[in-house]
Amino acid sequence: QIRIKQVDEKKISQYIIKYTMEDWMSIVDSDVVIVGAGPSGMTAAYYLAKAGKKTVIFERRLSFGGGIGGGAMNFHKVVIETPANEIMEEVGVKMKEVEEGVFVVDTAEFMAKLGAAVVDAGAKIIHGVTVDDVIFREDPLRVAGVAVEWTSTQMSGLHVDPLFISAKAVLDATGHDSEIISVAARKLPELNIQIPGEKSAYSEIAEELVVMNSGKVAEGLYSSGMATAEVRGLPRMGPIFGAMLLSGRKVAEDIIHDIR
Ligand code: 48F
């Protein structure tokens, strides 16, 4: 018979509360806040944490991966192209080379291994939290953090104020809606952010354009992945994910440089 250690309910609660609050006391003063645990946000988190930056990802849903899991029409494979295969190799995702420089990967393995690499590198992924605003400072005008609320509280429609998290850099990795840059553009017109919106698909050119254009949008505020397509008016590309990974790596390098 297996003897299972008996744990008092009260103690279970105490352990959870104590160690959650310990993490949050540190998270409120982060180097980098990333909004969205999709492929670009997770790749950025991996490289930032590896470089020693205190990095947190806030993800609205209770799972990481963003658009990876749905693949294309729920088919469980996506396509990766060179040089993004380097990143897949680094985090241990197996790839099938189907033509020179073009690879097919399994979506579950992609999410699981990228997520594990982010956590092992030292970044925190906090699920069930929605970012709905930024905080800013003047002289110079810059984004200096975010406002966070439980997704479940937002869904309930209850009037509950958020908490604020300070950061040297905020990365909008929210995908097609570019939610964080949209709110900054609306509430901080002095930042002069225009959002032309994403164009229809043209995968062959979209991949390079997204990577090239990912980076700083305003002081302290950055974009990666499909948020970049929305903010820069670039075409979409569907279920090819190289640019998501490479834009995450590129923006991580830019942030590491800027907050040195
Ligand atoms: O959409 P998503 O996967 O972003 P991405 O990194 O990758 C795009 C691809 O998945 C795909 C594509 C590839 O060619 O076109 O669409 O640009 O992940 C965005 C994540 O952000 C979360 C959302 O739940 C998703 O997991 N998210 C969005 N808004 C918020 C948020 C928010 N306000 N607060 C917290 N999380």
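A brief report on the enclosed structure follows. (Residues numbered from 1 in each chain as written. Predicted model: local features only at pLDDT ≥ 70, side-chain atom pairs only at ≥ 80, totals over all residues. Heavy atoms only, no water.)

Regarding the site of the ligand
If you check the shell around the ligand, you find 27 residues, and the closest are S40, E59, G67, M226 and G238. Interatomic distance of 2.7 Å between a side-chain N/O atom of E59 and an oxygen atom of the ligand. Side-chain polar atom of E179 to a nitrogen atom of the ligand: 2.9 Å apart, as the coordinates give it. Here the ligand loses 92% of its free accessible area of 730 Å² to cover by the protein chains. No other element matches strand β7 (residues 129-137), which puts 3 residues into the shell around the ligand. (Near = heavy atom within 4 Å. Polar contact = N/O pair within 3.5 Å; in protein donor to acceptor, adjacent residues only side chain to side chain. Areas by Shrake-Rupley, 256 points an atom, 1.4 Å probe, with all protein chains shown as cover. Helix = DSSP H or I, 4+ residues; strand = E, 2+ residues; numbered from the N terminus.)

A short note on unusual backbone geometry
In this structure, the amide linkage connecting T82 to the following residue, P83, adopts the cis form with an omega of 0°. Residue D139 is joined to P140 through a cis peptide bond whose omega torsion reads -5°. Along the chain, P140 falls in the loop between β7 and β8 (142-150). Residues other than glycine seldom take positive phi values, yet M73 does so here, at roughly 50°. Judged by its relative accessible area of 74%, M73 falls in the exposed class. (Buried < 20%, exposed > 50% of the residue type's maximum accessible area, 1.4 Å probe, protein only.)

Structural notes on helix α4 (residues 107-121)
Between its first and last C-alpha, α4 extends 21 Å over 15 residues, near the 21 Å set by a 1.5 Å rise per residue. Considered for burial, the residues of α4 that qualify are T107, E109, F110, M111, L114, G115, A117 and V118. N-capping of α4 is provided by D106, with a side-chain oxygen placed 3.1 Å from the backbone N of A108. Immediately downstream of α4, the backbone of G122 shows phi near 110°, a positive value. (Expected span 1.5 Å × (residues − 1).)

Details of the side chain of D31
Mapped onto the elements, D31 comes out in strand β1 (residues 29-35). Side-chain polar atoms of D31 contact the backbone nitrogen of K54, separated by 2.8 Å. At 2.8 Å, the side chain of D31 and the side chain of K168 are in polar contact. Not counting chain neighbours up to four residues away, the residues in contact with D31 comprise G52, K53, K54, A167, K168, A169 and I259. (Contact = heavy atoms within 4.5 Å.)

With respect to the packing of aromatic side chains
On inspection of all chains with the given rule, the structure shows 4 aromatic pairs. With centroids separated by 5.9 Å and ring planes inclined at 65°, the aromatic side chains of W24 and W150 adopt a geometry described as edge-to-face. Here W24, found in helix α1 (residues 9-27), pairs with W150, found in strand β8; they are 126 residues apart in sequence, far enough to count as distant. Between F110 and F241, the ring centres sit 5.9 Å apart and the planes meet at 80°, which makes this aromatic pair edge-to-face. Of this pair, F110 sits in helix α4 while F241 sits in the loop between α8 (225-232) and α9 (242-258), placing them 131 residues apart in sequence. Across the pair, F241 and F110 agree in class, each one buried. A connected cluster of aromatic rings, assembled from ring pairs, spans W24, F58 and W150. (Phe/Tyr/Trp six-rings, centres within 6.5 Å; stacked < 30°, edge-to-face > 60°.)

A short note on the packing of helix α7 (residues 203-213) against α9
Packing of α7 against α9 brings their axes to within 8 Å, and their N-to-C directions diverge by 15°. On the basis of their axis angle, the class for α7 and α9 is roughly parallel. Seen along the crossing, α7 lies across α9 with a hand that is right-handed. Residues E207, V210, V211 and M212 of α7 touch α9, and the partners they reach there are G242, A243, M244, L246, S247 and K250. Of the residues belonging to the contact of α7 with α9, the class tally is 6 nonpolar, 2 polar and 2 charged. (Axes fitted to C-alpha atoms, helices over the stretch in contact; angles between N-to-C directions. Parallel < 35°, antiparallel > 145°, perpendicular 65-115°, else oblique. Left-handed = near helix turned anticlockwise from the far one by under 90°. Nonpolar A, V, L, I, M, F, W, Y, C, P; charged D, E, K, R; others polar.)

Quick notes on the pattern of salt bridges
With the rule as written, the count across this model stands at 15 salt bridges. A salt bridge links K94 to E109, with the shortest nitrogen-to-oxygen separation between them at 3.1 Å. Remark: E109 occurs in helix α4 and K94 occurs in the loop between α3 (85-91) and β4 (96-99); sequence separation between them is 15 residues. Salt bridges here are not isolated pairs; linked through shared partners, they connect K94, E109 and K113. (Salt bridge = Lys/Arg side-chain N within 4 Å of Asp/Glu carboxyl O.)

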